[in-house]
Amino acid sequence: MSGGEIVAGFIAPHPPHLVYGENPPQNEPRSQGGWEQLRWAYEKVRESIDELKPDVLLVHSPHWNTQLGHHFLGVPRLQGKSVDPIFPNLFRYTYDLNVDVELAQLACKYAREEGLVSKLMTNPRFRVDYGTITSLHLARPQWDIPVVGLSANNSPYYLTTEEGFAEMDLLGKATRKAIIESGRRAVLLCSATMSHRHFQEEPETPEDMSQEHPYSMEMYQWDMRLIKMMRDGEMSEVHKLLPEFVDIAFAEFKAGSFTWMCAAMEYPELPGELLGFGNVIGTGNAVFKWDLTKHGLATPADRWNGATSTTVPQPAFTPSATAPSGGSSGSVFSGDGPSIGARPLNS
Amino acid sequence: MSLVAAYLVPGNPLPYLRPENPPWAGIASACRAAGRSLSAARPDTILVYSTQWMAVLDQLWQMRRSFDDLHVDENWYEYGDLEYQITCDTELAAACVEGSKEIGISSKGVDYEKFPIDTGTIVANGFMNPGGRIPLTIGSNNLYHSFDDTVRLAEMAVDKANRMGRRVAILGIGGMSGSIFRHEIDITTDGIATAEDDEWNRKMLARIQQGGSVSELGAFAQEYAKAAKADMGFKHFGWVLGGLGRNISGAQIHAYGATYGSGAAVIEFRT
């Protein structure tokens, strides 16, 4: 198969507060709302995804932080309960997601060909990180579109920011090749916050919006500077400024999600559509859309009869074939990693 | 003095999941030896600080009574699952929440089913306290806390334990030099990533063996942490130092080695 397309990319930040504010049935804690402007922005993301009719959502999450290489979720179905270690009071979410393993395998293969260490995560009990889950829930709460989850290698932290971004550029290129070869219509989600300096104490009522404001005037001004450039389509200038922005604003873009997304879209010098902006415990969060179908760079859904079938590719799993995730029942995954001779686990 | 034992051990799961791998075997057997020593000391509670339980709001303390679950490490999942049983001394944890506030550090307890206990705590508990026989009091690593904050938190925790009549052991969980190999290696050939890291690790271990006060060791530890990119600023050592009353009178290095290039040591402190 070939002829797949990236139809859009979104900046889709993942503060768990937004899920908490929405009160979906999957999340245990209940709220009185809050962070409406950002949640309304995500309503527009949801409408866009309805219109774009993608086969797959790809999300690059800073909260799956890997030290050795770039990793891809590679299990057909992952289920479990994700409790945010930072905000356990806000996010205790029961998830059940389907992975497009075929596309993940291709992306992993092409990442290796680009010279990156890359791995397919095949442990069926793996607990999906809350960044991935939050961005996906906010973008598509029905969970009816298969996903590909990518880890954030800590290269931008270990290397210089520029060297780290160079790796994310290669990862984006590999992702693009895989999507084209797979024949999928793909939407990319950059799961990241802009300015990331935040308050260190939480209000007694977390959704008390009278307590919410930018961390500082400087952080606000940096966010607005970048947002204006993105709205004006000055994307090459954005990328030039990114290391300085990361340095000053402690921006979560440091983890590489934004660079990965832009590289996969071939750095379109196009204005993004700002769907909303808001602060969460002081951090700056923008929800942005680059709809490539509107710029003639991808095929609109109503004209798509592309290289692949028009049906959503279903992951090759049957519920009975999947292992439960995150529980203590069932057999222990002994691992397919390197081993030294025959031996029992934890001997 | 209620403090009956003190240790610093690595939180990397590789020696636990592949203890037969020659470069990791020494670390694994040293952790088990430390576990036997811990058991012989008969603490009521182990005061645990792991660099891998990261927090950014407040100083968190684990308030759930027990965990019996399975964990998959986000990096080393291909080496297999980590089953664990942990019990917690929630009475002491509650006292530590209050104690943290008393020393000017905002704090709260966490008590949630399926809370993601970190790999480091799971591995150290598995090696040294299998089955969770001895209760733990677990404090988080707030990323914004300094080495000195960590010293003060441990000091406070031991003081609270003293007042409650507990015999406690103190356990700092984390690595030494932080650089790992960024390419796949033959794990049977693992070693410290660079000669400089190795040199700094050995210097730090020599200073720990020699002993000293917080002013001497703390300053050197921070210099070491910067030079060797030590795990989380080597704050887990600050935890042990604070627990020991800001003074180390000597230590035994049970093992020193590498975990995919990063440094790892198993240290038992004189109490």
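As the structure is a prediction and not an experimental result, all values here were calculated from the model. (Residues numbered from 1 in each chain as written. Chains lettered and ligands numbered in written order. Predicted model: local features only at pLDDT ≥ 70, side-chain atom pairs only at ≥ 80, totals over all residues. Heavy atoms only, no water.)

(A) Quick peek at the overall build of chain A. Of the regular secondary structure elements, chain A holds nine helices and ten strands. Per-residue burial over chain A gives 61% buried out of 347 residues. Taking as baseline every contact in chain A between residues at least 6 positions apart, the subset at least 24 positions apart corresponds to 81%. For chain A, the exposed area adds up to about 13000 Å²; of that, 49% sits on carbon and sulfur atoms. (Helix = DSSP H or I, 4+ residues; strand = E, 2+ residues; numbered from the N terminus. Buried < 20%, exposed > 50% of the residue type's maximum accessible area, 1.4 Å probe, protein only. Contact = heavy atoms within 4.5 Å. Areas by Shrake-Rupley, 256 points an atom, 1.4 Å probe, with all protein chains shown as cover.)

(B) Structural view of the pattern of salt bridges. In this structure the tally under the stated criterion is 33 salt bridges over all chains. Here aspartate 69 of chain B makes a salt bridge to lysine 114 of chain B, at a shortest N to O gap of 3.2 Å. Of this pair, aspartate 69 of chain B sits in strand 4 (residues 66-71) while lysine 114 of chain B sits in the loop between strand 6 (107-110) and helix 4 (119-128), placing them 45 residues apart in sequence. Exposure remark for aspartate 69 of chain B: the relative accessible area of 11% places this residue in the buried category. A single salt-bridge network, built from bridges that share partners, covers Glu28, Lys81 and Arg92 of chain A together with Glu113 of chain B. (Salt bridge = Lys/Arg side-chain N within 4 Å of Asp/Glu carboxyl O.)

(C) Molecular detail of the interface of chain A and chain B. Contacts between the two partners involve 53 residues from chain A and, on the opposite side, 49 residues from chain B. Carbon and sulfur atoms make up 53% of the surface buried where chain A meets chain B, a total of about 4500 Å² over both sides. Joining chain A to chain B, the criterion identifies seven salt bridges. Measuring nitrogen to oxygen at the nearest pair gives 2.7 Å for the salt bridge that ties glutamate 78 of chain B to lysine 119 of chain A. Secondary-structure elements contributing two or more residues to the side of chain A that touches chain B are strand 2 (56-66), strand 4 (77-83), strand 6 (118-121) and helix 5 (155-158) of chain A. A per-element tally of the side of chain A that touches chain B places strand 2 of chain A first, with four residues. Per-class residue counts for the side of chain A that touches chain B are 20 nonpolar, 21 polar and twelve charged. (Buried area = accessible area lost by both parts, 1.4 Å probe. Nonpolar A, V, L, I, M, F, W, Y, C, P; charged D, E, K, R; others polar.)

(D) Up close: the state of the cysteines. Residues and elements named next belong to chain A. Scanning the model with the defined rule gives zero disulfides over all chains in all. With no disulfide of its own, cysteine 262 lies 7.5 Å from the sulfur of cysteine 190, the closest cysteine sulfur. With relative accessibility at 3%, the residue cysteine 262 sits in the buried group. (Disulfide = S-S within 2.5 Å.)

(E) Quick peek at the confidence of the model for chain B. This prediction gives chain B a mean pLDDT of 96; 100% of its residues lie at or above 70. Overall fold confidence for the complex sits at a pTM of 0.91, while the interface term, ipTM, reaches 0.92. (pLDDT = per-residue confidence, 0-100.)

(F) Layout of the pairing of strand 9 (residues 273-280) of chain A. All names here are of chain A. Strand 9 sits mainly inside the fold: six of its eight residues count as buried. Note: strand 9 against strand 10 (residues 283-291), seven bridges, orientation antiparallel. Along strand 10, the bridge assignment pairs glycine 276 with valine 287. Here strand 9 folds back onto strand 10, and the loop between the two strands holds two residues, one of which, isoleucine 281, carries a positive phi near 40°. (Pairing = 2+ DSSP bridges.)

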